[in-house]
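Structural features, examined
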Amino acid sequence: MVEPANTVGIPLNHAALLKDELDIVIPTIRNLDFLEMWRPFLQPYHLIIVQDGDPSKTIAVPEGFDYELYNRNDINRILGPKASCISFKDSACRCFGYMVSKKKYIFTIDDDCFVAKDPSGKAVNALEQHIKNLLCPSSPFFFNTLYDPYREGADFVRGYPFSLREGVATAVSHGLWLNIPDYDAPTQLVKPKERNTRYVDAVMTIPKGTLFPMCGMNLAFDRDLIGPAMYFGLMGDGQPIGRYDDMWAGWCVKVICDHLGLGVKTGLPYIYHSKASNPFVNLKKEYKGIFWQEDIIPFFQSAKLSKEAVTVQQCYIELSKMVKEKLSPIDPYFDKLADAMVTWIEAWDELNPATKA
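The structure displayed is predicted, hence computed values, not measured ones.

**Quick look at the UniProt feature "site: Required for activity" (unreviewed entry) in the protein**
UniProt's entry tags Arg 158 and Arg 165 with the feature "site: Required for activity" (unreviewed entry), counted in the numbering of this structure. Mapped onto the secondary structure, Arg 158 falls in the loop between helix H4 (126–135) and strand S6 (170–179). Positionally, Arg 165 belongs in the loop between H4 and S6.

Here it is, written out as structure tokens:
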């Protein structure tokens, strides 16, 4: 049986990497008691808490953490009419935190994610591993069978082209989960007691041209390289679909990273995912998406951006036009989503004028 790590007694990491260059974004509807477990690793960093649901509810944050908290009233005040692009009653609201951050890097984590243990029983500092992933190159153009060649103790294998060994900048570090796997509702229903106990000590670059289902509960990215594409769509209250927010962002991000020559890594670090969400509630949220994804994924697999699209914003606006043209015939929701994608970019550029395309 896999259990979370005990972090009591682990000293605070005063030499935290990128302490002044990274924000931690947490979407929540509840008190953040889970941060006590993460204190040794996360306390040195600044938190951006995005409160979902009832804005009159008070969210308690453990003492000693440096944070700013935004609720729906704050989102409406800051974005005005453009607040319509930020989801309500869904963890997709986290992307507002990406927008208001002024740091180069973002780590986002869910409030039911605890500290994992590696096979030796040592507590895993997930953020430290994400930073290592982001600070070393990716190799998307040719697969290395020893996985990440830039890790200590690994290298490029025989036959790997020397012209590609420099790699490219890493835009995204996608972490995994012990205990409760990130399954869809039908799989949850078929395997209600399944738990992930396998700790695979590997990081790999997702090859160019290959999509993946991005999970937002243990994720880090370079905001300067890919931030404007990290939009988690329209989900939750008033929308016909949920639980596709992070995957939608991941498909958009991967197409744009491939176009711009950026890397996406997956594997380490692990977190301990503490509780399974209700599969029947999930099925109601996912129902349409399960059908739609059979059209959405081929759409992204065939999406080609123009050579004129040289910034993330330009790429994203091109994608939004393709969504409107190709996916709107499936359901009017995609017409609304395409408009929200444009609104998101407009709001991003208003709050981040230095990065405007």
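**Quick look at helix H2 (residues 72–79)**
What H2 keeps buried is the set Arg 72, Asp 74, Ile 75 and Leu 79. The buried residues of H2 all sit within an arc of 160 degrees when viewed along its axis, so they share a single face. The elements touched by buried residues of H2 are strand S2 (46–51), strand S3 (66–70), helix H3 (95–100) and helix H10 (333–351). Downstream of H2 by one or two residues, Gly 80 has phi in the positive range, about 60 degrees.

**Brief notes about the state of the cysteines**
Within this structure, the stated rule accounts for 0 disulfides. Sulfur of Cys 136: no disulfide; nearest cysteine sulfur belongs to Cys 257 and is 15 Å away. Classification of Cys 136 by relative accessible area gives buried; the value is 18%. Cys 315 takes part in no disulfide bond, and the closest cysteine sulfur, belonging to Cys 257, lies 9.6 Å away. With relative accessibility at 0%, the residue Cys 315 sits in the buried group.

**Remarks on the packing of helix H7 (residues 245–260) against helix H8 (residues 279–302)**
Packed helices, taken two at a time, are described by their axes: the angle between them and the distance between them. The N-to-C vectors of H7 and H8 enclose an angle of 15 degrees; their axes lie 9 Å apart at closest approach. With respect to H8, the element H7 is oriented roughly parallel. Note that H7 runs across H8; the crossing there is right-handed. Residues Trp 248, Trp 251, Cys 252 and Val 255 of H7 form the contact with H8, whose participating residues are Ile 296, Ile 297 and Phe 300. The residue makeup of the contact of H7 with H8, split by class, is 7 nonpolar, no polar and no charged.

**Details of the side chain of Asn 352**
Mapped onto the elements, Asn 352 comes out in the segment after H10. Since its relative accessible area comes to 5%, Asn 352 is described here as buried. When sequence neighbours within four positions are dropped, the list of residues in contact with Asn 352 reads Met 99, Ser 101, Lys 102 and Arg 223.

**Structural notes on the nonpolar core**
With 69 residues, the main nonpolar core has Ile 226, Tyr 231, Trp 248, Phe 300, Tyr 316, Leu 319 and Trp 344 as its most contacted residues. Ranked by residues supplied to this core, first place goes to H10 with 10 residues. Leaving out residues up to four positions away in the same chain, Trp 248 has contacts with Tyr 231, Ile 296, Phe 300, Tyr 316, Val 323, Leu 327, Phe 334, Leu 337 and Met 341. Among the nonpolar cores identified, the runner-up in size contains 33 residues, and Tyr 45, Tyr 105, Leu 134 and Cys 215 belong to it.

**Here we look at the pattern of salt bridges**
Taken as a whole and assessed by the stated rule, the structure comprises 17 salt bridges. Close ionic contact of Asp 74 with Arg 77 constitutes a salt bridge, the shortest N to O distance being 3.1 Å. Residue Asp 74 and its partner Arg 77 are both found in helix H2; the two are separated by 3 residues, about one turn of the helix. Judged by its relative accessible area of 17%, Asp 74 is buried. Classification of Arg 77 by relative accessible area gives exposed; the value is 59%. For the salt bridge of Asp 222 with Lys 104, the shortest nitrogen-to-oxygen distance reads 2.9 Å. Of this pair, Asp 222 sits in strand S8 (residues 218–222) while Lys 104 sits in the loop between H3 and strand S4 (105–109), and the two are 118 residues apart along the sequence. By relative accessible area, which is 4% here, Asp 222 ends up buried.

Quick notes on the rules
Residues numbered from 1 in each chain as written. Predicted model: local features only at pLDDT ≥ 70, side-chain atom pairs only at ≥ 80, totals over all residues. Heavy atoms only, no water. UniProt positions renumbered as here; feature names shortened; annotations may be inferred. Helix = DSSP H or I, 4+ residues; strand = E, 2+ residues; numbered from the N terminus. Buried < 20%, exposed > 50% of the residue type's maximum accessible area, 1.4 Å probe, protein only. Arc of directions from axis to C-beta. Contact = heavy atoms within 4.5 Å. Disulfide = S-S within 2.5 Å. Axes fitted to C-alpha atoms, helices over the stretch in contact; angles between N-to-C directions. Parallel < 35°, antiparallel > 145°, perpendicular 65-115°, else oblique. Left-handed = near helix turned anticlockwise from the far one by under 90°. Nonpolar A, V, L, I, M, F, W, Y, C, P; charged D, E, K, R; others polar. Core = buried A, V, L, I, M, F, W, Y, C linked by side-chain atoms within 4.5 Å. Salt bridge = Lys/Arg side-chain N within 4 Å of Asp/Glu carboxyl O.

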